[in-house]
Amino acid sequence: MLYRTFGEADHAALQALDLRVQRHTDPSFDSLPEREREGRLHTSLPALKFYERSEHSFVAQDPQGTLQGFVFAQPVWQGDRPVVLMRTLTLSPDAPAGTAAGLMHAVVKSAYDTAVYELHYPLTPALLDAAQQEGANVIGQYAVQHLGSRNGTAPGQQLRLGGA
């Protein structure tokens, strides 16, 4: 597997992979409200252009040239130090074992090479093994608060008072 940065020539393949993964994850994806579909996709043209320049975003490409996954991450200044914030790691449903770990390692290496010594990300099931391999510290949970009507259709387990 080749882990590399991406460019404009990869945009269509990234968008196709993102849509394929969304449809695989949620078979009712195409019937969701438009705002929710747009909110779940990570590969809008502005997002692709932004992450293309982030220095911390990569694709996983198999020997046949097919993209098997991507990770979008960016440096964020915290006032006293930078961190790298990983927005998403997306894998093809048939990505080879180790693809997540390879993408995660590419981000870790890019952060270290730019003198950034903290990486923050949601600990998803796809990232658990990779996080263990990198020796991550779990210091809590990562939550996303969607505002407005999208909160009712957004993915993830919604926290409620009383645990119900």
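Our subject is the structure that appears above.
Because the structure is predicted, anything quoted here is derived from the model rather than measured.

Chemist: Would you take a moment to explain the overall build of the protein for this structure?
Modeler: The helix and strand tally for the protein stands at five helices and five strands. When the helices and strands of the protein are listed from N to C terminus, the series reads β-α-α-α-β-β-β-α-β-α. By the compact-globule yardstick of 15 Å for 164 residues, the protein fits well, its C-alpha radius of gyration being 16 Å. Projected onto the principal axes, the alpha-carbon positions of the protein cover approximately 45 × 40 × 30 Å. Buried residues in the protein amount to 37% of all 164 residues. Put simply, of all contacts in the protein between residues at least 6 apart along the chain, 59% involve residues at least 24 apart. Surface summary for the protein: the accessible area is close to 10,000 Å², and the carbon and sulfur share equals 54%.

Chemist: Honestly, the sheet that holds strand β4 (residues 82-91) in this entry has me stumped. Any pointers?
Modeler: By way of backbone hydrogen bonds, the strands of a sheet pair with one another, either parallel or antiparallel. Within the open sheet, the five strands sit side by side as β1-β2-β3-β4-β5. Their pairing is mixed. For this open sheet the edge positions go to β1 (2-4) and β5 (119-120), each flanked by a neighbour on one side alone. In the sheet, β1 pairs with strand β2 (residues 58-61) via three bridges, with the strands oriented antiparallel. Bridge pairing links Y3 to A60 in β2. Its contacts with the sheet place helix α1 (residues 11-25) against β2, β3 (67-77) and β4, and it is angled at close to 100 degrees to β3.

Chemist: Can you walk me through unusual backbone geometry in this structure?
Modeler: Backbone geometry follows two general trends: most residues other than glycine have a negative phi, and most peptide bonds adopt the trans configuration. Phi is positive for E55, which is not a glycine, with a value near 75 degrees. The residue E55 is located in the loop between α3 (45-52) and β2 in this model. Under the relative-accessibility criterion, E55 is labelled exposed at 53%. Not every positive phi belongs to a glycine, and A115 is a case in point at roughly 65 degrees. Among the structural elements, A115 can be located in the loop between α4 (99-113) and β5. Residue A115 is classed as partly exposed on the basis of its relative accessible area of 44%.

Chemist: It is not clear to me how the pattern of salt bridges should be interpreted in this structure. Could you clarify?
Modeler: Counting across every chain of the model gives nine salt bridges. Between D30 and R23 there is a salt bridge whose closest N-O contact spans 3.0 Å. A relative accessible area of 41% means that R23 is categorised as partly exposed. Across the salt bridge formed by R40 and E36, the nearest N and O atoms sit 2.7 Å from each other. Within this pair, R40 and its partner E36 are both found in helix α2 (residues 34-40), separated by four residues, close to a single helical turn. You can call R40 buried: its relative accessible area is 10%. For E36, a relative accessible area of 1% gives the class buried. Taken together, the salt bridges that share partners define one network made up of D26, E36 and R40.

Chemist: In this structure, what is going on with helix α5 (residues 125-134)? I would like to understand it.
Modeler: Because an α-helix packs 3.6 residues into every turn, residues spaced three or four apart end up facing the same way. Within the sequence span of α5, burial applies to L127, A130 and A131. Projection of α5 onto a plane perpendicular to its axis shows the buried side chains occupying an angular sector of 105 degrees, all on one side. The outward face of α5, more than 90 degrees from its buried face, is lined by the exposed residues P125, D129, Q132 and Q133. Its buried side turned inward, α5 meets β4 and α4. Positive backbone phi, approximately 75 degrees, marks G135, located one or two places after α5.

Rules used throughout
Residues numbered from 1 in each chain as written. Predicted model: local features only at pLDDT ≥ 70, side-chain atom pairs only at ≥ 80, totals over all residues. Heavy atoms only, no water. Helix = DSSP H or I, 4+ residues; strand = E, 2+ residues; numbered from the N terminus. Rg over C-alpha atoms; globule rule 2.2 N^0.38 Å. Buried < 20%, exposed > 50% of the residue type's maximum accessible area, 1.4 Å probe, protein only. Contact = heavy atoms within 4.5 Å. Areas by Shrake-Rupley, 256 points an atom, 1.4 Å probe, with all protein chains shown as cover. Pairing = 2+ DSSP bridges. Axes fitted to C-alpha atoms, helices over the stretch in contact; angles between N-to-C directions. Salt bridge = Lys/Arg side-chain N within 4 Å of Asp/Glu carboxyl O. Arc of directions from axis to C-beta.

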